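Structural characterization, general
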Amino acid sequence: MPAKKTTKAASTSTFTEVEAYDWGQEETTGFESTNQSDLGIPFLQIIQSGSPELDKKHDDHLTKKIEGIQEGDIINSLTREILSVTEEDPMAFIPCYSEKLFPEFKPRGAGGGFVQVHRDESILTQCKRDDKNKDVLQSGAGAGNQIITTHYLYGYAQNAAGDWEQVIVGMTSTQLKHARRFLNMARSIKMNGKSVPLFANVYNLHTKVEKNTEGSWMGWDFSVNRMLNPNNPDDKTLVMDARDSAKAFREQAESLRLGGKSKTIEEKDDEDRGLF
């Protein structure tokens, strides 16, 4: 009769340091069927004095609060990372594509929530401005819903670790003038008499105080940082990624014109995007 086999536990009396395994060499990762639309693209959100992340009196403060947050900080809406941008230390931003859309939302008094995105500005002819300067649909299935004219910049922002990640900057209401100013600035940058692509330059992105007779708030501000150079090894991959993203966003815009569904304008309340 063969002897019974036993398994002896490994001794824990000594510890041998082993070299870290490089998981980056794996050919099978489990993410093969995962694409950007599954992950979502975060919005960059400006923290205002009344933002739930900061305002202790806000109904959602307990679930959305971020320790150490300050008015004027910029956060990633998905990771909730504080980018904490100031004019002295702006965030680097590479815009890839720009478009103006007209998202439709139910008013908060009716439960709130995203309804759909309109591409044609003529939807505003079906609206009337209310006493809060909101465009409200007057007829049809969406009567009473709000149309929020929004300019979107899709691009890459550099996070605190120095990595570049895809983001969306949404500008509406008081910030639409900054979108126009930015586009005019970008179009004015030329080489050999021609405007360079939108993604040819790195811009500084930060916030600044704005005010009118109704109050004050923090708004977007842009300035030119530097021009990228595809011949520079440090810029080459970044330029390729930016060019590919510009093409992808353009193709998505064409799909929307043909009745497709947006993969980037997520179904979020306008407050969650930091729009005002």
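Residues numbered from 1 in each chain as written. Predicted model: local features only at pLDDT ≥ 70, side-chain atom pairs only at ≥ 80, totals over all residues. Heavy atoms only, no water.

1. With respect to the nonpolar core
- By size, the foremost hydrophobic cluster in this structure holds 23 residues, and its most contacted members are Leu44, Phe93, Val169, Leu205, Trp220 and Phe222.
- At the level of elements, strand E1 (44–46), strand E3 (91–105), strand E8 (150–158), strand E9 (164–172), helix H3 (176–187), strand E12 (201–212) and strand E13 (215–227) are the ones that each hand at least two residues to this core.
- The contact partners of phenylalanine 222, leaving out residues within four places of it in the chain, are Phe93, Leu153, Met171, Phe182, Met185, Asn204 and Leu205.
- Among the nonpolar cores identified, the runner-up in size contains 11 residues, and Ile94, Val202, Val239 and Ala242 belong to it. (Core = buried A, V, L, I, M, F, W, Y, C linked by side-chain atoms within 4.5 Å. Buried < 20%, exposed > 50% of the residue type's maximum accessible area, 1.4 Å probe, protein only. Helix = DSSP H or I, 4+ residues; strand = E, 2+ residues; numbered from the N terminus. Contact = heavy atoms within 4.5 Å.)

2. What to know about the pairing of E12
- Across three bridges, E3 lies against E12 in antiparallel orientation. Looking at E12, one finds that phenylalanine 93 is bridged to tyrosine 203.
- Relative to E13, E12 is paired through 12 bridges, and the arrangement is antiparallel. Paired with threonine 207 across the strands is tryptophan 220, a residue of E13. (Pairing = 2+ DSSP bridges.)

3. Focus: the pattern of salt bridges
- One pass over the full model with this rule turns up eight salt bridges.
- Among the salt bridges present, the one from glutamate 99 reaches arginine 119, with a minimum N-O distance of 3.0 Å. Here arginine 119 lies in the loop between strand E4 (114–118) and strand E5 (127–129) and glutamate 99 lies in strand E3, a separation of 20 residues in the sequence.
- The class for arginine 119 is partly exposed, based on a relative accessible area of 23%.
- A salt bridge links aspartate 235 to arginine 226, with the nearest nitrogen and oxygen atoms 3.0 Å apart. (Salt bridge = Lys/Arg side-chain N within 4 Å of Asp/Glu carboxyl O.)

4. Comments concerning the environment of histidine 178
- Topologically, histidine 178 is positioned in helix H3.
- The spacing of histidine 178 and tryptophan 220 is 42 residues in sequence and 6.9 Å in space, taken between C-alpha atoms.
- Excluding anything up to four places from it in sequence, histidine 178 contacts Met171, Lys208, Glu210 and Trp220.
- Polar side-chain contacts of histidine 178 include one of 3.1 Å to the side chain of arginine 181. (Polar contact = N/O pair within 3.5 Å; in protein donor to acceptor, adjacent residues only side chain to side chain.)

5. A closer look at unusual backbone geometry
- One non-glycine residue, arginine 80, adopts positive backbone phi at about 65°.
- Looking at the secondary structure, you find arginine 80 in the loop between strand E2 (74–76) and E3.
- On the accessibility criterion, arginine 80 (27% relative accessible area) is partly exposed.
- Even without being glycine, serine 173 reaches a positive phi, approximately 50°.

6. Quick word on the confidence of the model for the chain
- Per-residue confidence for the chain averages 84 on the pLDDT scale, and 82% of its residues sit at or above 70.
- This stretch, residues 7–11, has a pLDDT under 50; its non-local contacts, to residues over four places away or in other chains, come to zero contacts.
- Confidence drops under pLDDT 50 across residues 266–276; counting only partners more than four residues distant or on other chains, this segment forms 45 contacts. (pLDDT = per-residue confidence, 0-100.)

7. Describing the side chain of aspartate 55
- One can find aspartate 55 in the loop between E1 and helix H2 (61–64).
- Excluding residues within four positions of it along the chain, aspartate 55 makes contact with Ser49, Gly50 and His61.

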